[in-house]
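# Observations on the model geometry
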Amino acid sequence: LTCVSKDGSVLWNHSFEHAIHTPVTFDSNGNLYVGTVSPKNIDSLCSLSSDGQVRWELVNIDTAYDYSYNLVGSPTPKLYFTTQNQSLLFCIEES
């Protein structure tokens with residue numbers, strides 16, 4: 001994942017161990033969230049600060065359903081995502 005400035009210069013890069021599985025979602029503080037999936041279908045959710053530093057990572061998220069993160073930011077410190085068939089809604093609240 002690469003962040004570039006308006007003039008096209010690279011501000012930062014972040015390499016993930018596994019393939020990015022979701023569109024990047026931002027919160028009101030400029031933090032970003034992205035889901036990844038490994039070749040063995042182990043899902044993770046990662047939050048990066050606006051300068052590309054890892055804030056936190058949830059590894060091996062098991063929702064009991066095959067799902068594709070449909071990440072939705074919120075003005076509150078909450079992040080929502082659904083299962084692939086959108087039958088379940090999950091919420092992560094940052095403290």
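The text that follows walks through the structure, step by step, so that each part is easy to find. Not measured: the values here are computed from a predicted model.

When helices and strands are tallied, the protein chain shows zero helices and nine strands. What you see in the protein chain, going N to C, is helices and strands ordered as β-β-β-β-β-β-β-β-β. In the protein chain, buried positions account for 38% of the 95 residues. Taking contacts inside the protein chain between residues at least 6 apart in sequence as the whole, the part at least 24 apart equals 24%. Accessible area for the protein chain stands at about 6000 Å²; split by element, carbon and sulfur atoms hold 51% of it.

On to the environment of Gly 52, then. With respect to the secondary-structure elements, Gly 52 resides in the loop between β6 (43-48) and β7 (54-59). For Gly 52 and His 14, which are 38 residues apart along the polypeptide, the C-alpha to C-alpha distance reads 6.5 Å. Discounting residues that sit within four places of it in the chain, Gly 52 has contacts with Trp 12 and His 14.

Before going further, it helps to spend a moment on the pairing of β6. Of all six residues that make up β6, six are buried, and the element is covered over most of its length. What you see with β6 is no split at all: Asp 43, Leu 45 and Ser 47 on one side and Ser 44, Cys 46 and Leu 48 on the other are buried throughout. As defined by bridge partners, strand β5 (residues 32-37) adjoins β6 across six bridges and the pair is classed as antiparallel. Counterpart to Val 34 in the pairing with β6 is Cys 46. Between β5 and β6, which pair antiparallel one after the other, the connecting turn spans five residues, and Asn 41 there sits at a positive phi close to 60°. In sequence, β6 turns back onto β7 through a hairpin of five residues, with Gly 52 there showing a positive phi of about 90°.

This paragraph deals with the environment of Asp 51. Mapped onto the elements of the fold, Asp 51 is located in the loop between β6 and β7. Taking the C-alpha atoms as reference points, Asp 51 and Gly 30, 21 residues apart in sequence, are found 9.0 Å from one another. A polar side-chain atom of Asp 51 sits 2.3 Å from a polar atom in the side chain of Ser 49. Separated by 3.4 Å, the side chain of Asp 51 and the backbone nitrogen of Gln 53 make a polar contact.

In this structure the tally under the stated criterion is one aromatic pair. Look at Tyr 33 and Trp 56: their rings are 5.9 Å apart centre to centre, the planes differ by 45°, and that puts the pair in the tilted class. A residue pair is termed long-range when its members are at least 10 positions apart, and Tyr 33 in strand β5 and Trp 56 in strand β7 qualify at 23 residues. For the pair shown, Tyr 33 and Trp 56 are each scored as buried.

Rules used in this analysis
- Residues numbered from 1 in each chain as written.
- Predicted model: local features only at pLDDT ≥ 70, side-chain atom pairs only at ≥ 80, totals over all residues.
- Heavy atoms only, no water.
- Helix = DSSP H or I, 4+ residues; strand = E, 2+ residues; numbered from the N terminus.
- Buried < 20%, exposed > 50% of the residue type's maximum accessible area, 1.4 Å probe, protein only.
- Contact = heavy atoms within 4.5 Å.
- Areas by Shrake-Rupley, 256 points an atom, 1.4 Å probe, with all protein chains shown as cover.
- Pairing = 2+ DSSP bridges.
- Polar contact = N/O pair within 3.5 Å; in protein donor to acceptor, adjacent residues only side chain to side chain.
- Phe/Tyr/Trp six-rings, centres within 6.5 Å; stacked < 30°, edge-to-face > 60°.

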